[in-house]
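# Understanding the architecture of this molecule
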Amino acid sequence: TCWNPAVVWVWPEPYLRLASRHFSWEHAQINDPFVHLTNRTVQRHDGVDAKEPDQDEAHIMMLPAFLKWAEELEHLNAISCWKERTWPKILEVVRTCVLSCKEDVGAHPS
């Protein structure tokens, strides 16, 4: 591996992890991890859905499904926003993060 050029692979169709319970700011739910935390480790222990510990597909939304949902819900051009704003910004952030650690990682022989 070499920094010149640095090569990074970024998957162009990410997925979204969803909470198993509806979002709420209500005091009774503010500390409920199944409302506010979407990582797999937390959501697989919800107990609401009878599922195997490694099965959490009910809490994953693939990008095409999310874009369709967003366009229907908000009447936005979600696909255009993704392509023209969100995805380029994600790539910019990835590039910035990789380049920011270059000095700490150091040069690798070619």
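Everything below is about the structure printed above this text.
No experiment lies behind these values; they were computed from the predicted model shown.

So, how was this worked out
- Residues numbered from 1 in each chain as written.
- Predicted model: local features only at pLDDT ≥ 70, side-chain atom pairs only at ≥ 80, totals over all residues.
- Heavy atoms only, no water.
- Phe/Tyr/Trp six-rings, centres within 6.5 Å; stacked < 30°, edge-to-face > 60°.
- Helix = DSSP H or I, 4+ residues; strand = E, 2+ residues; numbered from the N terminus.
- Buried < 20%, exposed > 50% of the residue type's maximum accessible area, 1.4 Å probe, protein only.
- Patch = residues over 30% accessible without salt bridge, like charges linked within 9 Å, V, L, I, M, F, W, Y side chains within 5 Å.
- Areas by Shrake-Rupley, 256 points an atom, 1.4 Å probe, with all protein chains shown as cover.
- Salt bridge = Lys/Arg side-chain N within 4 Å of Asp/Glu carboxyl O.
- Expected span 1.5 Å × (residues − 1).
- Bend = angle between axes of the 7 residues up to and from the residue.
- Contact = heavy atoms within 4.5 Å.
- Axes fitted to C-alpha atoms, helices over the stretch in contact; angles between N-to-C directions.
- Parallel < 35°, antiparallel > 145°, perpendicular 65-115°, else oblique.

### Let's talk about the packing of aromatic side chains
Throughout the structure, instances matching the rule amount to three aromatic pairs. Taken together, a centroid distance of 5.7 Å and an interplanar angle of 35° make the contact between phenylalanine 66 and tryptophan 69 tilted. Residue phenylalanine 66 and its partner tryptophan 69 are both found in helix 3 (residues 63-74); the two are separated by three residues, about one turn of the helix. Phenylalanine 66 gets classed as partly exposed once you look at its relative accessible area, which sits at 24%.

### Some words on a nonpolar patch on the surface
On the surface, Val8, Val10 and Ile90 cluster together into a nonpolar patch covering about 190 Å² of accessible area. For valine 8, the position within the fold is in the segment before strand 1 (15-17). Given a relative accessible area of 43%, valine 8 falls into the partly exposed group.

### Topic: helix 4 (residues 78-100)
For helix 4, built from 23 residues, the straight-helix expectation of 33 Å at 1.5 Å per residue is met to within 8% by its first-to-last C-alpha distance of 31 Å. The sharpest bend along helix 4 comes to roughly 30°, located at threonine 86, with the proline proline 88 sitting one to four residues further on. Where helix 4 is buried, its residues contact helix 3.

### Regarding the environment of leucine 76
Here leucine 76 is to be found in the loop between helix 3 and helix 4. Not counting residues within four places of it along the chain, the set of residues in contact with leucine 76 comprises Ala70 and Glu71.

### Concerning the packing of helix 3 against helix 4
Their axes nearest at 8 Å, the elements helix 3 and helix 4 cross at an angle of 125°. With respect to helix 4, the element helix 3 is oriented oblique. Taking contact as the criterion, the partners of Leu63, Leu67, Ala70 and Glu71 in helix 3 are, on helix 4, Ala78, Ile79 and Trp82.

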